[in-house]
Amino acid sequence: MKVVFSLAATFFIVAFQAAGGSADAGKAVYDQKCKACHAADGAGNPGMAKMLKVTIKHLGSQEVQAKPDAELKKSVTDGIGKMKPVAGVSAKQVDDVVAYVRTLKK
Ligand code: HEC
C-alpha cells in the first residue's frame, strides 16, 4: 500500500514539477535536513516544538503555502523565528526543497 502511494506520489510530483526546483530531488533534501523537525508530512514534530517552545506550523497549511517561494527559501537560508538557518544546503537544494514543500500542500 505504501509503495503504491509513493509511486503515485512520484508520478504526481514529476507531472506537476515546479519550474524552478525539482520536487523529486527536494524530497531527499527534506528527508535529510527538515524531516526531524517538520515530520514527513510537514505537520511538525511535536517533541521538537515542545523542546523549542514554539508552534511549528504545518508546512502544507494555507498560511505557509501562501508565502512566495522567495520567502520560503529565505526561511531556510536565513532562519525564521526559532528555526536556525539550515546549514549545508546549496542554492539548488534550497530550490528543490521548496518545490517539495509545495507538494505538501493540504
Ligand atoms: C532544528 C529543527 C528544524 C529544522 C532542521 C528545520 N526547521 Fe523549519 N522550522 C522549525 C521551527 C521550530 C519553525 C517555527 C519557527 C517559529 O515560528 O519560531 C520552523 C519554521 C519553518 C518555516 C516557516 C513556517 C511558517 O511559520 O511560516 C518554513 C518554511 C520551514 N521551517 C522550512 C524548513 C525547511 C524547508 C527545512 C529543511 C531545509 C527546515 N525548515 C528545517 C524547525 C526546523
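Predicted model, so just to flag it, every value in this text is computed and none were measured.

Q: What's the story with the overall build of the chain in this structure? I'm lost.
A: Check the secondary structure of the chain and you find seven helices and zero strands. Looking at the chain alone, contacts between residues at least 24 apart form 55% of all its contacts between residues at least 6 apart. For the chain, the accessible area works out to roughly 7,000 Å², and carbon and sulfur atoms hold 64% of it.

Q: Help me understand the coordination of the iron atom of the ligand in this model?
A: Each donor-metal-donor angle in an ideal tetrahedron of four donors is 109.5 degrees, and each such angle in an ideal octahedron of six donors is either 90 or 180 degrees. The protein atoms that coordinate the iron atom of the ligand are H38 (NE2) and M83 (SD), at distances of 1.9 to 2.1 Å. A residue is classified by how much of its surface remains accessible, and H38, at 13% relative accessible area, is buried.

Q: Where do I start with the nonpolar core in this structure?
A: If you look at soluble globular proteins, the nonpolar side chains tend to sit buried side by side. Among the nonpolar cores identified, the biggest contains 14 residues, and Y30, L59, L72, V89, V97, V101 and L104 are the most heavily contacted of them. Elements represented by at least two residues in this core include exactly α2 (23–33), α6 (69–78) and α7 (91–103). Broken down by element, the residue count for this core peaks at five residues, all from α7. Leaving out residues up to four positions away in the same chain, L72 has contacts with V64, K67, V98, V101 and R102.

The rules behind the values
- Residues numbered from 1 in each chain as written.
- Predicted model: local features only at pLDDT ≥ 70, side-chain atom pairs only at ≥ 80, totals over all residues.
- Heavy atoms only, no water.
- Helix = DSSP H or I, 4+ residues; strand = E, 2+ residues; numbered from the N terminus.
- Contact = heavy atoms within 4.5 Å.
- Areas by Shrake-Rupley, 256 points an atom, 1.4 Å probe, with all protein chains shown as cover.
- Donors = N, O, S within 2.8 Å, 3.2 Å for Na, K, Ca; no water.
- Buried < 20%, exposed > 50% of the residue type's maximum accessible area, 1.4 Å probe, protein only.
- Core = buried A, V, L, I, M, F, W, Y, C linked by side-chain atoms within 4.5 Å.

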